[in-house]
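Now for the letters of each chain:
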Amino acid sequence: MADKTMAPDEVVSRLSSGMTVGIGGWGSRRKPMALVRALLRSSVTDLTVVSYGGPDVGLLAAAGRIRRLVAPFATLDSIPLEPHFRAAREGGTLRMTELDEAMFMWGLHAAVNRLPFLPVRAGLGSDVLRVNPELRTLTSPYEDGEELVAVPALRLDVALVHMNRADRIGNAQYLGPDPYFDDLFCEAADEAYVSCERLVDTAELTKDAAPQTLLVGRHSVTGVVETPHGAHFTSCAPDYGRDEAFQKLYASTPWQAFAERFLSGPDEQAYQSAVWAWREEEQR
């Protein structure tokens, strides 16, 4: 079978401005941050980003790369509201489609099944319909006659996700407490790219783990990137937790100063080296 391994910048070279990009993970947990940083090193812009938002959204918003955001939230978890997302919203620099968490999930399910929408109860009786006047309701064609929300499919040009382990042909495994719907992101996309903490042989994926941890199948994956600490500063349990000290620095540092120190290098190694140097300074 084909070897799908790539470098982060090779993945981003396949993206173009104006695309709809789905980003896996949840808040500040298991985000494909190395791929997001590679995206920031490129000229790709004018994106529609679909995400259970965290610092992926914050970084791209601060850099002016997002035209439209589709998300139920944008949080750093231990910091409730992502600060750069908030600044972008208050400054009106991006359009926002805010969906209930369940509506978002069913939008991905609709895309996976190549349906135009799925009818759901989520959102009824809430302000979601008020703030998204483009959403439509429908009446069940059966005798119950129930009113439902028609959640549009969240079709993606590209999905970016981060997993604990993967093999070279695209099978990928999570080892933490939650899959975070990363399989749906991959299957809802025309192309999906998986970064991982470590590449392993296929047999090792099932050696000591339950079968359900094999979340992403090779049939839905275009490329695989080995990026140790590639989710930093978000968590990637059980490999490492969230870097709370660095996240606090990110949230409290003006964007230009943060970007100059940590994001101006030529590759992911430059970022990791900058983080290491900062950590050594803090320990003195």
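That block above? That's the structure.
Rules of the game
- Positions within a chain are numbered from 1, following the residues in the order the chain's sequence is written.
- The predicted nature of this model means local features are confined to residues of pLDDT at least 70 and side-chain atom pairs, given and counted, to a pLDDT of 80 or more, with totals for whole chains, interfaces and linings taken over all residues.
- The side-chain numbers reported here are obtained from all heavy atoms of the structure, hydrogens and water having been left aside.
- The helix and strand labels rest on DSSP assignments: H or I over at least four residues marks a helix, E over at least two residues marks a strand, and numbering proceeds from the N terminus.
- Throughout this description, buried means an accessible area under 20% of the type-specific maximum (1.4 Å probe, protein chains only), exposed means over 50%, and partly exposed covers the range between.
- Any pair of N or O atoms that falls within 3.5 Å is considered a polar contact. Within protein, one atom must be able to donate a hydrogen and the other to accept it, and sequence-neighbouring residues count only if both atoms are side-chain atoms.
- We call two residues in contact when some of their heavy atoms are within 4.5 Å.
- The working definition used for a salt bridge is a side-chain nitrogen of Lys or Arg within 4 Å of a carboxyl oxygen of Asp or Glu.

A. Structural context of the side chain of Thr97. Locating Thr97 in the fold gives a position in strand E4 (residues 95-98). Accessibility expressed as a relative area gives 9% for Thr97, which makes it buried. Polar side-chain contacts of Thr97 include one of 3.0 Å to the side chain of Arg68. Those residues in contact with Thr97 that lie beyond four places of it in its chain are Arg68, Leu69, Val70, Ala71, Asn132 and Glu134.

B. Layout of the side chain of Gln173. On the secondary structure map, Gln173 appears in strand E9 (residues 172-173). A polar contact is formed between the side chain of Gln173 and the backbone oxygen of Leu205, at a distance of 2.5 Å. With residues up to four places along the chain from it excluded, the contact list for Gln173 reads Met163, Asn164, Arg165, Leu205, Ala209, Thr213 and Leu214.

C. Region of interest: the pattern of salt bridges. Throughout the structure, instances matching the rule amount to 17 salt bridges. A salt bridge links Arg155 to Asp190, with the nearest nitrogen and oxygen atoms 3.0 Å apart. Pair noted here: Arg155 is in the loop between strand E7 (147-152) and strand E8 (156-166) and Asp190 is in strand E10 (residues 189-199), with a separation of 35 residues, a long-range link. Overall, the relative accessible area of 38% leaves Arg155 in the partly exposed class. Residue Glu204 is joined to Arg198 by a salt bridge in which the shortest nitrogen-to-oxygen separation is 3.4 Å. On the basis of relative accessible area, Glu204 is assigned to the partly exposed category, the value being 39%.

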